[in-house]
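Residues per chain, in single letters:
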Amino acid sequence: MLTVTLARQAMATRFELVLHGEDEAALRAAGEEALDEITRLEDELSYFRPSSQIFRLNQQAAQNPVRVSPWLFRLLQHARQLTAETGGTFDITVAPLMRCWGLYTREGRVPESRALAEARACVGMHLVELEEADLTVRFARPGVQLDLGSVGKGYAIGRAGELLREAGVTRALLHGGTSTVLAIGAPVDADGWKIALDHPPLAAEPAREVKLASRNPEPLATVILRDESLSVSAVWGKAFTAADRSYGHVIDPRTGEPTKGALLAAVVLPSATESDALSTMLLARGPDGLRDVLCLRPAMRALVAAESASERNLRVESRGFHLSTTIAV
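Residues numbered from 1 in each chain as written. Predicted model: local features only at pLDDT ≥ 70, side-chain atom pairs only at ≥ 80, totals over all residues. Heavy atoms only, no water.

## Some words on the overall build of the protein
So, point 1. Helix and strand counts for the protein come out as 8 helices and 18 strands.
So, point 2. Its C-alpha atoms give the protein a radius of gyration of 20 Å, near enough to 20 Å, the size a compact globule of 329 residues would have.
So, point 3. In terms of principal-axis extent, the alpha carbons of the protein reach across some 55 × 50 × 35 Å.
So, point 4. With 329 residues in all, the protein has 56% of them scored as buried.
So, point 5. Considering only contacts in the protein between residues 6 or more positions apart, those separated by 24 or more positions represent 62%.
So, point 6. Here the protein displays about 15,200 Å² of accessible surface, and carbon together with sulfur accounts for 48% of that area.
So, point 7. Here the protein holds 36 positive side-chain charges and 41 negative ones, and the gap between their average locations is 4 Å. (Helix = DSSP H or I, 4+ residues; strand = E, 2+ residues; numbered from the N terminus. Rg over C-alpha atoms; globule rule 2.2 N^0.38 Å. Buried < 20%, exposed > 50% of the residue type's maximum accessible area, 1.4 Å probe, protein only. Contact = heavy atoms within 4.5 Å. Areas by Shrake-Rupley, 256 points an atom, 1.4 Å probe, with all protein chains shown as cover. Lys, Arg positive; Asp, Glu negative; His and termini not counted. Charge placed at Lys NZ, Arg CZ, Asp CG, Glu CD.)

## Some details on the pairing of strand β15 (residues 264–269)
Regular strands place side chains that alternate from one sheet face to the opposite one.
So, point 1. Taken across its 6 residues, β15 has 6 buried, putting it largely inside the fold.
So, point 2. Judged by which residues are buried, β15 turns out to be covered on both faces: Leu-264, Ala-266 and Val-268 on one side and Ala-265, Val-267 and Leu-269 on the other are all buried.
So, point 3. Across 6 bridges, the pairing between strand β10 (residues 228–234) and β15 is antiparallel. Within the sheet, the bridge partner assigned to Leu-230 lies in β15 and is Val-268.
So, point 4. Relative to strand β16 (residues 301–307), β15 is paired through 5 bridges, and the arrangement is antiparallel. Across the sheet, Ala-265 pairs through a bridge with Val-304, a residue of β16. (Pairing = 2+ DSSP bridges.)

## Description of the nonpolar core
So, point 1. The biggest cluster of nonpolar side chains holds 89 residues, and the ones touching the most others in it are Leu-57 and Leu-230.
So, point 2. In contact with Leu-230, not counting residues within four places along its chain, are Ser-179, Thr-180, Val-181, Ile-195, Leu-197, Val-223, Leu-225, Ala-266, Val-267, Val-268, Ser-275 and Phe-321.
So, point 3. Residues Val-94, Met-98, Leu-116 and Ile-251 belong to the second largest nonpolar core, which totals 16 residues. (Core = buried A, V, L, I, M, F, W, Y, C linked by side-chain atoms within 4.5 Å.)

## As for the packing of helix α1 (residues 24–45) against helix α6 (residues 152–166)
Geometry of a packed helix pair, given as the angle between the helix axes and the separation of the axes.
So, point 1. Packing of α1 against α6 leaves a shortest axis separation of 9 Å and a crossing angle of 150°. One way to sum up the angle between α1 and α6 is to call them roughly antiparallel. Regarding α1 and α6, the two cross each other, and that crossing is right-handed. Each of Ala-30, Gly-31, Glu-33, Ala-34, Glu-37, Ile-38, Leu-41 and Leu-45 in α1 lies in contact with α6, whose residues at this interface are Gly-152, Tyr-155, Ala-156, Arg-159, Ala-160, Leu-163 and Leu-164.
So, point 2. Here the residues of the contact of α1 with α6 are counted per class, giving 10 nonpolar, 2 polar and 3 charged. (Axes fitted to C-alpha atoms, helices over the stretch in contact; angles between N-to-C directions. Parallel < 35°, antiparallel > 145°, perpendicular 65-115°, else oblique. Left-handed = near helix turned anticlockwise from the far one by under 90°. Nonpolar A, V, L, I, M, F, W, Y, C, P; charged D, E, K, R; others polar.)

## Structural notes on α6
So, point 1. Counted at 1.5 Å a residue, the expected span for α6 with its 15 residues is 21 Å, and the 21 Å between its end C-alpha atoms agrees.
So, point 2. Among the 15 residues in α6, 12 count as buried, and that is most of the element.
So, point 3. Residues of α6 that are buried make contact with β2 (13–21), α1, α3 (70–85), β6 (171–176), β7 (180–184) and α7 (272–285).
So, point 4. Positive backbone phi, approximately 90°, marks Gly-168, located one or two places after α6. (Expected span 1.5 Å × (residues − 1).)

## Here's the deal with the sheet that holds β7
So, point 1. Strand order in the open sheet made by the 8 strands is β1-β2-β6-β7-β10-β15-β16-β17, with antiparallel pairing throughout. Sheet topology places β1 (2–10) and β17 (314–319) at the edges, where each strand pairs with a single neighbour. Pairwise comparison of adjacent strand axes, ignoring direction, gives a mean angle of 10° for this sheet.
So, point 2. Relative to β7, β6 runs antiparallel, the two being bridged by 5 bridges. When the sheet's bridge partners are listed, Ala-172 is paired in β7 with Ile-184.
So, point 3. Running over the sheet, α6 touches β2, β6 and β7 and is turned about 15° from β7.
So, point 4. Its contacts with the sheet put α7 on β7, β10, β15 and β16, and the angle it makes with β10 is roughly 30°.

Here is the structure:
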């Protein structure tokens, strides 16, 4: 059994692919095609690239209906369905709020109440009109903008997985940074691909039972994947501080503010698109919302970790993950 490894920089992260099989040339060709698809989709889904369909929608759809590719139209329909199912916790119209909080320029700022109210008035999938007869999209008012950052990477990884399967690949692992992993089949010597989640850093000095990820050799949790996707959403990495308070980079569309529910959320589902979207939702809902999130998909496995305000350590709730013995939950 041969192993082929490939990598590609795309969507502001590093995608890495491991393939197992008997024909090295065929594996490499399939892997390159899958990574090419991710690169192509970045060109179509980017919020910032003038050549992308999303950029064109954001520039024109408030004035006139804009025709999009059939696959993108289906993705937008899927996003609207997820918004309805999650009570608005997941919403790809969050772009005005991202801009309002200075998250696109990475400067980070707390907006004035008037600016925040104006941005919130432009958020909501009810403001996005999808006309299936001619595959057009129209925004109901100026100021509406789409940002597929909470679902685009998962969709791209899912499409890459489809191409790998069509090429006959039966054992592979593809991941994009630390956010989404797709497992096809299993390694030769195992029942599945074992994935570890690191401890999230706490806002304050952690209690003795919980160590920071950089100092703790044992992961927060592990999970075995086989023909499934794992997506992880977290608040650190692009956080900013204002008035001695830390703010994450993930916005809760319901409140218009950065999420406060959890430090980390992870979701396992057959669909990488849905695991990406629902991990974002779970991050906003926090540990108390885990049961409601699990009800959305019977096959879901999930984990959410939050900082306990009273004890300054981690509160972890999960289903289907193996938790570290160093975490008291």
